[in-house]
Amino acid sequence: MSLNPNPLYAAPEDWRAYSGTLSRRVFAFILDYIIVLLLCIPAAVVLFFLSILTLGLGFFLYPALFVLVAGLYFGLTVGGPSQASPGMRAMGIAIARVDGRPMDFLLAIAHLALFWILNSLLTPLILLAGLFTERSRLIHDLLVGTVTVRTD
């Protein structure tokens, strides 16, 4: 099995591909969560009508609405062909796997879940890890085997 030579998938060796990615990740995070919050509005309306059709059972999904919307959002965008969410694309970054294979839906969800778990335990230390690790990788990047690279 050979590595994919596509630079979008393979993690480059050049240090310039990782320059400034940590600050770009912070701004991409802010943009993406604004989008997720805006997507929760129509999702809540759809869930309301679904709840009526299911005689109230859908109302039990309201506490998990943000998690469901964010999971689908990041799973479909980061796990898609661009390997970046809209916020990441706006900041000129993408996620690449260290082994050179493309991101898939499940790995994008695992990346997001580990980010949430570690962020709840280690805030703000999770960002400090990027200052001391090679390629500015955060802890969840190390665990999942991903790296954030510049696309511009």
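Quantities reported herein were computed from a predicted structural model and do not represent experimental measurements.

J.: What is the right way to look at the environment of T146 in this model?
T.: Summarising the element assignment, T146 is placed in strand 2 (residues 146-150). Through-space distance from the C-alpha of T146 to that of G87 is 18 Å; in sequence the pair is 59 residues apart. A polar atom in the side chain of T146 sits 3.4 Å from the side chain of H111.

J.: I'm lost on the UniProt feature "transmembrane region" (unreviewed entry) in the protein chain in this one. Help?
T.: UniProt records the feature "transmembrane region" (unreviewed entry) at residues 26-53, 59-79 and 105-132, using the numbering of this structure. Summarising residues 59-79: 67% helix, 0% strand, and an end-to-end C-alpha distance of 29 Å.

J.: Please explain the side chain of S51 as it appears in this structure.
T.: Within the secondary structure layout, S51 lies in helix 1 (residues 21-53). There is a polar contact of 3.4 Å between the side chain of S51 and the backbone oxygen of G58. When residues no more than four places from it in sequence are discounted, the contact partners of S51 are G56, L57, G58, F59 and Y62.

J.: So what exactly am I meant to see when it comes to the nonpolar core here?
T.: It is characteristic of soluble globular proteins that their nonpolar side chains tend to be buried jointly. Residues V36, F74, V78, M88 and M103 are the most contacted members of the largest nonpolar core, which totals 24 residues. Residue assignment for this core shows that the elements contributing at least two residues are helix 1, helix 2 (65-78), strand 1 (93-97) and helix 4 (105-122). Per-element accounting of this core gives the leading share, six residues, to helix 2. Those residues in contact with V78, other than ones at most four positions away along the chain, are Q83, A84, S85, M88, I95, M103 and A108. Counting residues in hydrophobic clusters, the runner-up holds six residues, among them A17, Y18, V147 and V149.

J.: Is there a simple way to explain the environment of G75 in this structure?
T.: Note on placement: G75 falls in helix 2. With a relative accessible area of 2%, G75 lands in the buried category. As for G75 and A108, which are separated by 33 residues in sequence, their C-alpha atoms are 5.1 Å apart. Those residues in contact with G75 that sit more than four places away from it in its chain are G80, F105, A108 and I109.

J.: Before we go on, may I ask you to explain the side chain of R137 in this structure?
T.: Topologically, R137 is positioned in the loop between helix 5 (125-132) and helix 6 (139-144). For the buried residue R137, which engages in no salt bridge, the nearest side chain bearing the opposite charge is D141, 5.7 Å off. In contact with R137, not counting residues within four places along its chain, are V98, A129, G130, L142, G145, T146 and V147.

Calculation rules
- Residues numbered from 1 in each chain as written.
- Predicted model: local features only at pLDDT ≥ 70, side-chain atom pairs only at ≥ 80, totals over all residues.
- Heavy atoms only, no water.
- Helix = DSSP H or I, 4+ residues; strand = E, 2+ residues; numbered from the N terminus.
- Polar contact = N/O pair within 3.5 Å; in protein donor to acceptor, adjacent residues only side chain to side chain.
- UniProt positions renumbered as here; feature names shortened; annotations may be inferred.
- Contact = heavy atoms within 4.5 Å.
- Core = buried A, V, L, I, M, F, W, Y, C linked by side-chain atoms within 4.5 Å.
- Buried < 20%, exposed > 50% of the residue type's maximum accessible area, 1.4 Å probe, protein only.
- Lys, Arg positive; Asp, Glu negative; His and termini not counted.
- Salt bridge = Lys/Arg side-chain N within 4 Å of Asp/Glu carboxyl O.

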